[in-house]
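Observations on the three-dimensional arrangement
The chain contents come next:
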Amino acid sequence: MDFSKTVKESEGISAEDFTELIDKTIELLRFESNSENFTLAGKLVCLKPVGEALVIGDLHGDLVSLRVILEQSGFLQKMETDKRQTMVFLGDYGDRGAKSPELYYAVSSLKLAYPSQVVLLRGNHEGPSDLIASPHDLPIFLQRKFKEKWVAVYQRLGDLFGYLYTAVYVEDRYLMVHGGLPSKIRSLQEIADTDKPHTRKTFLEELLWNDPDELVRGASPSPRGAGNLFGKTITQEVLQKLNAKILIRGHEPAVNGSSLNHDRKILTLFSRKGPPYFNKFGAYIELPLNEKFENANQLLPYIHKF
Ligand SMILES: [Mn+2]
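The text that follows walks through the structure, step by step, so that each part is easy to find. Computed from a prediction, not measured in an experiment: that's the story for all the values here. (Residues numbered from 1 in each chain as written. Predicted model: local features only at pLDDT ≥ 70, side-chain atom pairs only at ≥ 80, totals over all residues.)

So, helix α6 (residues 138-146)
- Along α6, the residues that are buried comprise L138, F141, L142, K145 and F146. One side of α6 carries all its buried residues, which in axial view fall inside an arc of 110°.
- Next to the buried residues of α6 lie α2 (15-30), α5 (100-113) and α7 (150-163).
- Once α6 finishes, K147 follows within two positions and takes phi at roughly 50°, a positive value. (Buried ≥ 20, exposed ≤ 12 C-beta atoms within 10 Å, placed from the backbone. Helix = DSSP H or I, 4+ residues; strand = E, 2+ residues; numbered from the N terminus. Arc of directions from axis to C-beta. Contact = placed C-beta atoms within 7 Å.)

This is the structure in structure tokens:
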């Protein structure tokens, strides 16, 4: 896939063609089944421990950073020569960046071009319609781009959000989500079930919105207005219950693009740059999935910043 071409396309695209691409992505996700690289259980993607995964954090309409990541890593070529290479996005593609519509176009195009090698997770900015992140300026950027046709495009994007996955799991290794760990979660099945309405208010909200906190004991309501802050003991207990060693998540900016929490059991990746955030660098990781690591300190050699 020629990513520069996709970027150019995304810039001049009509509302009709944009909607058509989103529709195709929805159809693909709706009928998606197990592939060479992953098995699917509801909203959970179980990645096989083979090859490498390029994991990308929040992008928030920063198309330039996505381009830099793909160029610097050469990962599209790697995916083309080796079908066991996978790309995982941790969600939050839109809002806060002028290129938000183009970013949804770009990640949808990647999924369509490499269906068995790309995983799109849901961020809190792709939340359900009754749990919308604020400020939510995607509608403004859509309106600028598509004029009076923006509403239909927005509705289809909202439909797409409902088809995105909640988490990636690599057995005995990683759990990847946008936000963080719900204190009361007991099994992977409960993550798989986050497409069911009864789990919506409990686990989905927390997986999309939670943040680790070094001082909180247990869990306490998040100052974000949704989700919780969760403490170190929750990280230990939940990772053990789910048979994972390290949580990889996005959601929070970090000065150097990445940060560690909770005795190095949590890696946060933030991949966009520029206002309104203060980070000097964006970061991503190229993770060898077959290797077993005990803590995120051991992942540092695989993190790249830009
Ligand atoms: Mn977020």
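A look at the packing of α6 against α7
- It is at 9 Å that the axes of α6 and α7 come closest, and there the two elements cross at 135°. The angle between the axes of α6 and α7 places the two elements in the oblique class. For α6 against α7, the interelement crossing comes out right-handed. Along its contact with α6, which presents P139, L142, Q143 and F146, the element α7 presents W150, V153 and Y154. (Axes fitted to C-alpha atoms, helices over the stretch in contact; angles between N-to-C directions. Parallel < 35°, antiparallel > 145°, perpendicular 65-115°, else oblique. Left-handed = near helix turned anticlockwise from the far one by under 90°.)

What to know about the sheet that holds strand β8 (residues 211-212)
- The strand order β8-β10-β9 describes an open sheet built from 3 strands, whose pairing is mixed. Of all the strands in the sheet, the pair left with one neighbour each is β8 and β9 (219-221).
- As paired elements, β9 and strand β10 (residues 228-230) share 3 bridges and run antiparallel to each other. Residue pairing for β10: A219 is matched across the bridge by F230. (Pairing = 2+ DSSP bridges.)

Here we look at the sheet that holds strand β7 (residues 174-177)
- On the basis of which strands lie adjacent, the open sheet formed by 7 strands has the order β1-β2-β6-β7-β11-β13-β12 and mixed pairing. Each edge of the sheet is formed by a strand with only one pairing partner; in this case those strands are β1 (38-41) and β12 (258-261). Each adjacent strand pair in this sheet contributes to an overall mean axis angle of 20°, direction not counted.

A closer look at the nonpolar core
- Core analysis: the largest hydrophobic core is formed by 80 residues, its most contacted members being V55, V88, L121, A167, V168 and M176.
- By residue number, the principal contributor to this core is α5, which donates 6 residues.
- Setting aside residues up to four positions removed in sequence, L121 forms contacts with V88, F89, L90, G91, L164, Y165, T166, A167, V168, M176, V177 and H178. (Core = buried A, V, L, I, M, F, W, Y, C linked by C-beta atoms within 7 Å.)

Description of helix α3 (residues 63-73)
- If you check which residues of α3 are buried, you get L63, S65, L66, I69 and L70. Down the axis of α3, the buried side of the element spans an arc of 165°, and every buried residue falls inside it.
- Tucked inside the fold, the buried residues of α3 contact α1 (3-12), β3 (52-56), α4 (75-81), α5 and β14 (283-288).
- Just beyond α3, the residue with positive phi is G74, at close to 60°.

Remarks on the packing of α1 against α5
- Between α1 and α5, the least distance of the axes is 9 Å, while the angle of their chain directions is 135°. Relative to α5, the element α1 lies oblique. Every pair of crossing elements has a handedness; the one defined by α1 and α5 is right-handed. Between α1 and α5, the residues in contact are T6, V7, S10 and E11 and E102, Y105, A106 and S109, respectively.

Topic: unusual backbone geometry
- In this model, S134 is joined to P135 through a cis peptide bond whose omega is -5°.
- Note that P135 resides in the loop between β5 (118-120) and α6.
- In the Ramachandran plot, D172 falls in the positive-phi region, its phi being about 65° despite a non-glycine side chain.
- By secondary structure assignment, the location of D172 is in the loop between β6 (167-170) and β7.
- Unusually for a residue other than glycine, R264 sits at a positive phi of about 65°.

Structural notes on the pairing of β1
- The pairing of β1 with strand β2 (residues 44-47) spans 4 bridges and is antiparallel. Bridged to A41 within β2 is L44.
- With antiparallel pairing between neighbouring strands as the criterion, β1 and β2 make up a hairpin whose turn holds 2 residues, including G42 at a positive phi of roughly 55°.

Honestly, it's all geometry; don't read function into it.
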